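# Notes for the structure review
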Amino acid sequence: MKALAFLATLATGIVLLYGTRDFAAWGDAASPASRHVSPVYIERAVKETHVPNLVTAILGDYRGYDTMFETVVIYCAGLAVVCVLRRQKT
Amino acid sequence: MKRLQEQARGRDIGDNLIIRTAVRLLVPFIQLFGLYVIVHGHYSPGGGFQGGVILGASFILLALAYDLRTSLRFMSERTNAILGNAGVLIFTGIAVLCALLGGLFLDYSALDRLISLGPIEWRSLGIFLVEVGVGTAVMSIMVSLFWDLGSGGEMDEGL
Amino acid sequence: MIWELDLFILALVVVCAVVAINIRDLLGAVVIFGVYSFLMCLLWAEMGAVDVAFTEATVGAGVSSVLFIAAIFRTTRRSKD
């Protein structure tokens, strides 16, 4: 059983490593992601939001829904832990 | 096998003057750094999430070095719950306020109709307000996670 | 990006991941997991993603280790299997 699990892990790893061959190189300016949305953000973010840190500008403004529901997810997790574990002393 | 918590209590671990003094000196600076990370998120790495986690970690450190009852003196459970709800409410409230003022949902430049600062300045300020909301919510949730996991929900002894 | 440094850190990451799964002592596993998080943080910072590195250092190595230890303290130290 353990050998079978090891073989399955190995096969998945080989497939994943094979898949990474199609990735663009690190910092490749000609990759699809760097040609499509990144130039627009780099050109316009500081002008449109007056925030020098592009990451904050994108997370807080352009991708506001993402940040909002991330907060809501964390809030739900905290609420669930409190609901399950908290016990009032009787 | 005894549970780890009972073992640790039997050997009187964690009741140490050096640790307590060091933590009492360190905690204000950790909180100051957390506030700096939230407020300075516009110009340097950081932002609401990271700053909130650092602020929460300072309260967790207090609860680890002292016991849970002592850390409840600095921030009560009620305050913590109010802060957590207020944080999420700030974020969603600002988003809904933008929609009510005639802009799009989460489009901070619509707040210009409330106080006239210019739409671009409002986008910058809106990001800041939202980060403060995220920081408050994350801080309170991290602290309450530790309280409930560390004491099994009874809020008396803790680790 | 310095590829020798990357290779070194990545090798350490893999070693840490394997050890964290296989170790019998749960408290030790949490410590190794913290080391894993810090190595990932180093890797992010070295690749230029400073915000991600910051999040990894605070959440992965800081708070989640404490939460794991808090959960383990309610149980026994050795894993059964």
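Our subject is the structure listed above.
Residues numbered from 1 in each chain as written. Chains lettered and ligands numbered in written order. Predicted model: local features only at pLDDT ≥ 70, side-chain atom pairs only at ≥ 80, totals over all residues.

## As for the overall build of chain C
The helix and strand tally for chain C stands at three helices and zero strands. Counted from the first residue to the last, chain C has its helices and strands arranged as α-α-α. Expressed along its principal axes, the backbone C-alpha trace of chain C runs to roughly 45 × 20 × 10 Å. Looking at the 81 residues of chain C, the share that counts as buried comes to 23%. (Helix = DSSP H or I, 4+ residues; strand = E, 2+ residues; numbered from the N terminus. Buried ≥ 20, exposed ≤ 12 C-beta atoms within 10 Å, placed from the backbone.)

## Considerations on the interface of chain A and chain B
Taken together, the contact between chain A and chain B spans 26 residues of the former and 29 residues of the latter. When contributions to the side of chain A that touches chain B are tallied by element, the ones reaching two or more residues are helix 3 (38-49), helix 4 (54-62) and helix 5 (64-85) of chain A. For the side of chain A that touches chain B, the per-class residue count stands at twelve nonpolar, nine polar and five charged. (Contact = placed C-beta atoms within 7 Å. Nonpolar A, V, L, I, M, F, W, Y, C, P; charged D, E, K, R; others polar.)

## Let's talk about the packing of helix 3 (residues 48-65) of chain B against helix 6 (residues 119-151) of chain B
Residues and elements named next belong to chain B. Two elements in contact, helix 3 and helix 6, have axes whose closest approach is 7 Å; the angle formed by their N-to-C orientations is 35 degrees. Pair helix 3 / helix 6 crosses with right-handed handedness. Along its contact with helix 3, which presents Gly48, Phe49, Gly51, Gly52, Val53, Leu55, Gly56, Phe59, Ile60 and Ala63, the element helix 6 presents Glu131, Val132, Val134, Gly135, Thr136, Ala137, Val138, Met139, Met142, Val143, Phe146 and Gly150. Grouping the constituent residues of the contact of helix 3 with helix 6 by class yields 14 nonpolar, seven polar and one charged. (Axes fitted to C-alpha atoms, helices over the stretch in contact; angles between N-to-C directions. Left-handed = near helix turned anticlockwise from the far one by under 90°.)

## Here we look at the nonpolar core
Core analysis: the biggest nonpolar cluster contains 48 residues, and Val53(B), Ile60(B), Phe91(B), Val138(B), Met142(B), Val143(B) and Phe146(B) have the highest contact counts within it. Listed by contribution, the elements that provide at least two residues to this core are helix 5 of chain A, helix 2 (17-39), helix 3, helix 5 (77-100) and helix 6 of chain B together with helix 3 (50-72) of chain C. In terms of residue count, the dominant contributor to this core is helix 6 of chain B (16 residues). (Core = buried A, V, L, I, M, F, W, Y, C linked by C-beta atoms within 7 Å.)

## Here we look at helix 2 (residues 26-46) of chain C
All names here are of chain C. The end-to-end C-alpha separation of helix 2 is 30 Å, in line with the 30 Å expected for 21 residues at 1.5 Å each. If you check which residues of helix 2 are buried, you get Ile32, Phe33, Gly34, Tyr36, Ser37, Leu39 and Met40. Tucked into the core, helix 2 has its buried residues touching helix 1 (3-22) and helix 3. Once helix 2 finishes, Gly48 follows within two positions and takes phi at roughly 95 degrees, a positive value. (Expected span 1.5 Å × (residues − 1).)

## Looking at the environment of Ser34(A)
Residues and elements named next belong to chain A. Mapped onto the secondary structure, Ser34 falls in helix 2 (residues 32-36). Taking the number of C-beta atoms within 10 Å as the measure of exposure, Ser34 has 14 and is therefore partly exposed. Discounting residues that sit within four places of it in the chain, Ser34 has contacts with Asp28 and Ala29.

## Remarks on the environment of Ala33(A)
All names here are of chain A. For Ala33, the location among the structural elements is in helix 2. Here Ala33 falls in the exposed class, since 9 other C-beta atoms lie within 10 Å of it. For the pair Ala33 and Asp61, spaced 28 residues apart in the sequence, the C-alpha separation amounts to 20 Å.

## Some words on unusual backbone geometry
Look at His50(A): it is not a glycine, yet its phi comes out positive at around 60 degrees. In this fold, His50(A) is placed in the loop between helix 3 and helix 4. A tally of 17 C-beta atoms within 10 Å means that His50(A) is categorised as partly exposed. Phi angles above zero are rare outside glycine, and Leu106(B) is one such case at about 70 degrees. In this fold, Leu106(B) is placed in the loop between helix 5 and helix 6.

By themselves these figures say nothing about function.
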